[in-house]
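Here is how the chains run, residue by residue.
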Amino acid sequence: QQQVKQSPQSLIVQKGGISIINCAYENTAFDYFPWYQQFPGKGPALLIAIRPDVSEKKEGRFTISFNKSAKQFSLHIMDSQPGDSATYFCAASKSTNAGKSTFGDGTTLTVKP
Amino acid sequence: EAEVAQSPRYKITEKSQAVAFWCDPISGHATLYWYRQILGQGPELLVQFQDESVVDDSQLPKDRFSAERLKGVDSTLKIQPAELGDSAMYLCASSLRTSGRGQFFGPGTRLTVL
């Protein structure tokens, strides 16, 4: 049973546009929600993470929005750039054991120049 | 910038053969993880070490997979015998905190079993 559902599977955005990726989780015990960026041939790299005590977290062009009641969270990439083209994974875990995160299946983002 | 090192980067083997992957975490990181990432999916934790001790290996197929971190620094993941379904990317990660937050991933080893 998949506990983290991610959508869309792929996304094409024009340069300068907003990229939005959504995730939904099931386990209410989860309290740590990171997003990872993965380029081909590389391991995932932590991009930004949020705890459920806040509804939004922003770091540069990347923003996580969190809806605890709906058990959903999303990644917004503002002013998307071709260099943002990568696969993005959401994940969820207990904050005391983030190494045992449940990952979504990933979203392949392509930003067209 | 410190990085997690993994080798080999690519491995092709025939089914029933033995394979081994090596990982060197970032210096000072006591917590080390091995993940398996099947194409088109997110990583799945196989085993977690704290220093030289296994903390969690509940998802490790112990009939064919083994992992060790003898001196609490680098680690080896072994598969014997390899099966077709083992074809995947094997990722190593390390973290300073035992909670795992802020973990850094290595580039992975791409395994193809023929």
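Our subject is the structure listed above.
Conventions used here
- Residues numbered from 1 in each chain as written.
- Chains lettered and ligands numbered in written order.
- Predicted model: local features only at pLDDT ≥ 70, side-chain atom pairs only at ≥ 80, totals over all residues.
- Heavy atoms only, no water.
- 1 Å grid on protein atoms, 1.4 Å probe; cavity = no way out; pocket = protein on both sides within 12 Å on 5 of 7 lines; lining within 4 Å.
- Points joined across faces, edges and corners; volume = space filled by probe spheres on them.
- Helix = DSSP H or I, 4+ residues; strand = E, 2+ residues; numbered from the N terminus.
- Nonpolar A, V, L, I, M, F, W, Y, C, P; charged D, E, K, R; others polar.
- Phe/Tyr/Trp six-rings, centres within 6.5 Å; stacked < 30°, edge-to-face > 60°.
- Buried < 20%, exposed > 50% of the residue type's maximum accessible area, 1.4 Å probe, protein only.
- Pairing = 2+ DSSP bridges.
- Contact = heavy atoms within 4.5 Å.
- Buried area = accessible area lost by both parts, 1.4 Å probe.
- Salt bridge = Lys/Arg side-chain N within 4 Å of Asp/Glu carboxyl O.
- Patch = residues over 30% accessible without salt bridge, like charges linked within 9 Å, V, L, I, M, F, W, Y side chains within 5 Å.
- Areas by Shrake-Rupley, 256 points an atom, 1.4 Å probe, with all protein chains shown as cover.
- Axes fitted to C-alpha atoms, helices over the stretch in contact; angles between N-to-C directions.
- Disulfide = S-S within 2.5 Å.

How would you sum up the layout of surface pockets? Please name residues and give values.
Estimates place the volume of the largest pocket at around 520 Å³. If you go around the largest pocket, you meet 21 residues; those closest to its centre are Lys100(A), Ser101(A), Thr102(A), Phe103(A) and Glu44(B). For the lining of the largest pocket, the elements supplying multiple residues, two or more each, are β10 (102-103) of chain A together with β5 (44-50) of chain B. In the lining of the largest pocket, the residues fall into 5 nonpolar, 11 polar and 5 charged.

If you had to explain the packing of aromatic side chains to someone new, which residues and values would you point to?
All names here are of chain A. Going through the model one piece at a time under the given rule, you end up with 14 aromatic pairs over all chains. Where Phe-33 meets Phe-66, the ring centres are 4.8 Å apart and the plane angle is 45 degrees; that geometry is what we call tilted. A residue pair is termed long-range when its members are at least 10 positions apart, and Phe-33 in strand β4 (residues 33-38) and Phe-66 in strand β7 (residues 62-67) qualify at 33 residues. We note that Phe-33, like Phe-66, is buried.

Give me the pairing of strand β9 (residues 86-92) of chain A: which residues, what numbers.
Residues and elements named next belong to chain A. β9 sits mainly inside the fold: 7 of its 7 residues count as buried. Of the two faces of β9, the one lined by Ala-86, Tyr-88, Cys-90 and Ala-92 and the one lined by Thr-87, Phe-89 and Ala-91 are each fully buried. Where β4 and β9 come together, 4 bridges link them in antiparallel fashion. Bridge assignment links Tyr-36 to a residue of β9, and that residue is Phe-89. Bridging between β9 and strand β11 (residues 107-112) involves 3 bridges; their strand directions are antiparallel.

Residue-level account of the interface of chain A and chain B, with values.
The interface is formed by 19 residues belonging to chain A together with 22 residues belonging to chain B. Of the roughly 1500 Å² buried where chain A meets chain B, counting both sides, 50% is carbon and sulfur surface. Linking chain A with chain B are 1 salt bridge, by the criterion used here. With its nearest N and O atoms 2.8 Å apart, the salt bridge here joins Lys100(A) to Asp56(B). Of the residues that constitute the side of chain A that touches chain B, the class distribution is 7 nonpolar, 8 polar and 4 charged.

How would you sum up a nonpolar patch on the surface? Please name residues and give values.
All names here are of chain A. Taken together, the side chains of Ile-18, Ile-20 and Met-78 make up a nonpolar region of the molecular surface, amounting to roughly 240 Å² of accessible area. Mapping Ile-18 onto the fold places it in the loop between β2 (10-14) and β3 (19-25). By relative accessible area, Ile-18 is classed as partly exposed at 45%.

An account of the sheet that holds strand β7 (residues 65-68) of chain B is requested, with residue identities and associated values reported.
All names here are of chain B. An order of β1-β3-β8-β7 is seen for the 4 strands of this open sheet, with the pairing classed as antiparallel. Of all strands in the sheet, those with a lone pairing partner are β1 (5-7) and β7, marking the two edges. Sheet twist, expressed as the average angle between the axes of neighbouring strands with direction ignored, equals 15 degrees. In the sheet, strand β3 (residues 19-24) pairs with strand β8 (residues 75-79) via 5 bridges, with the strands oriented antiparallel.

Got a sec to walk through the state of the cysteines? Specific residues and values, please.
Within the structure shown, the criterion is met by 2 disulfides over all chains. Here Cys23(A) connects covalently by a disulfide to Cys90(A), the sulfurs 1.8 Å from one another. Its torsion about the S-S bond being -90 degrees, the disulfide of Cys23(A) and Cys90(A) is classed as left-handed. Highlighted residues: Cys23(A) in strand β3 and Cys90(A) in strand β9, separated in sequence by 67 residues. On the basis of relative accessibility, which here comes to 2%, the residue Cys23(A) falls in the buried class. The partner cysteine of Cys23(B) in its disulfide is Cys92(B), sulfur to sulfur 1.9 Å. In this structure the cystine formed by Cys23(B) and Cys92(B) twists about its S-S bond by roughly -70 degrees; its chirality is therefore left-handed. Taken as a pair, Cys23(B) in strand β3 and Cys92(B) in strand β9 (residues 88-95) lie far apart in primary sequence, 69 residues in all. We classify Cys92(B) as buried; its relative accessible area is 0%.

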